[in-house]
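Read off the chains here:
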Amino acid sequence: MADKYHHGNSPAAWTAVLIAFVGFGIGSAYTVMAEPVGVLAGLVVLALACVAGAVMRAMGYGQQQIPDERHRVVAARAEAELAHTGTPLDSAAGSKSEQATVGS
């Protein structure tokens, strides 16, 4: 599953988050100054963040999905490794007995 998703780490997501950060800053500053028009301006910037993220995702700058066939192959390989060794495919360090065998 980790191969399929990278938790929104894409140019579209980063752009939307940065614009939203600015919108929250604007809205917060004008909230402290008790200026409702400025708070509304911050909300408009937040709406623009959503639009910018959606447009960039539509342009292909969003998260890329792994085709279903590749995902099935990765899942089958992980299941085979688990059945063969009893440990998941993505265990980085391995067990101490495996490390001792390799080091000898």
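Residues numbered from 1 in each chain as written. Predicted model: local features only at pLDDT ≥ 70, side-chain atom pairs only at ≥ 80, totals over all residues. Heavy atoms only, no water.

A. Spotlight on the overall build of the protein chain. On a plain count of helices and strands, the protein chain comes out with four helices and zero strands. From first element to last, N terminus to C terminus, the protein chain shows the α and β order α-α-α-α. Taking as baseline every contact in the protein chain between residues at least 6 positions apart, the subset at least 24 positions apart corresponds to 61%. Of the roughly 7900 Å² of accessible surface on the protein chain, 68% is carried by carbon and sulfur atoms. (Helix = DSSP H or I, 4+ residues; strand = E, 2+ residues; numbered from the N terminus. Contact = heavy atoms within 4.5 Å. Areas by Shrake-Rupley, 256 points an atom, 1.4 Å probe, with all protein chains shown as cover.)

B. Region of the structure containing the packing of helix α1 (residues 11–32) against helix α2 (residues 36–61). For the pair α1 and α2, the least separation of the axes is 7 Å and the interaxial angle reads 180°. Classified by the interaxial angle, the pair formed by α1 and α2 is roughly antiparallel. In the contact of α1 with α2, the residues fall into 18 nonpolar, seven polar and one charged. (Axes fitted to C-alpha atoms, helices over the stretch in contact; angles between N-to-C directions. Parallel < 35°, antiparallel > 145°, perpendicular 65-115°, else oblique. Nonpolar A, V, L, I, M, F, W, Y, C, P; charged D, E, K, R; others polar.)

C. The arrangement of the confidence of the model for the protein chain in detail. In the predicted model, the protein chain carries a mean pLDDT of 79, and the fraction of residues at 70 or more is 67%. Summarising per-element confidence for the protein chain, the mean pLDDT is lowest in helix α4 (residues 96–103) (50) and highest in α1 (95). (pLDDT = per-residue confidence, 0-100.)

D. Representation of unusual backbone geometry in the model. The phi torsion at A34 lies on the positive side, around 60°, for a residue other than glycine. Checked against the element boundaries, A34 lands in the loop between α1 and α2. Judged by its relative accessible area of 59%, A34 is exposed. (Buried < 20%, exposed > 50% of the residue type's maximum accessible area, 1.4 Å probe, protein only.)

E. Representation of the environment of R57. Within the secondary structure, R57 is located in helix α2. Taking the C-alpha atoms as reference points, R57 and A12, separated by 45 residues in sequence, lie 5.7 Å from one another. Excluding anything up to four places from it in sequence, R57 contacts A12 and G62.

F. Representation of α2. With 26 residues, α2 should cover 38 Å at 1.5 Å per step; its first-to-last C-alpha distance of 35 Å lies within 8% of that length. Those residues of α2 not exposed but buried are G38, G42, V45, L46, A49, A52, G53 and M56. Contacts made by the buried residues of α2 are with α1. (Expected span 1.5 Å × (residues − 1).)

G. Quick look at a nonpolar patch on the surface. Together, V51, V55, M59 and Y61 line one region of the surface with nonpolar side chains, adding up to about 400 Å² of accessible area. Along the polypeptide, V55 turns up in helix α2. (Patch = residues over 30% accessible without salt bridge, like charges linked within 9 Å, V, L, I, M, F, W, Y side chains within 5 Å. Salt bridge = Lys/Arg side-chain N within 4 Å of Asp/Glu carboxyl O.)

H. Representation of α1. Taking 1.5 Å per residue, 22 residues should reach 32 Å; α1 reaches 32 Å between its end C-alpha atoms and fits that length. Turning to α1, its buried residues number three or more, namely A12, A16, A20, G23 and G27. Buried positions in α1, seen along its axis, are confined to an arc of 60° and lie on one side of it. Structural note: α1 exposes W14, V17, L18, F21 and V32 on the side pointing more than 90 degrees away from its buried face. Among the residues trailing α1, A34 stands out with phi positive, at a value near 60°. (Arc of directions from axis to C-beta.)

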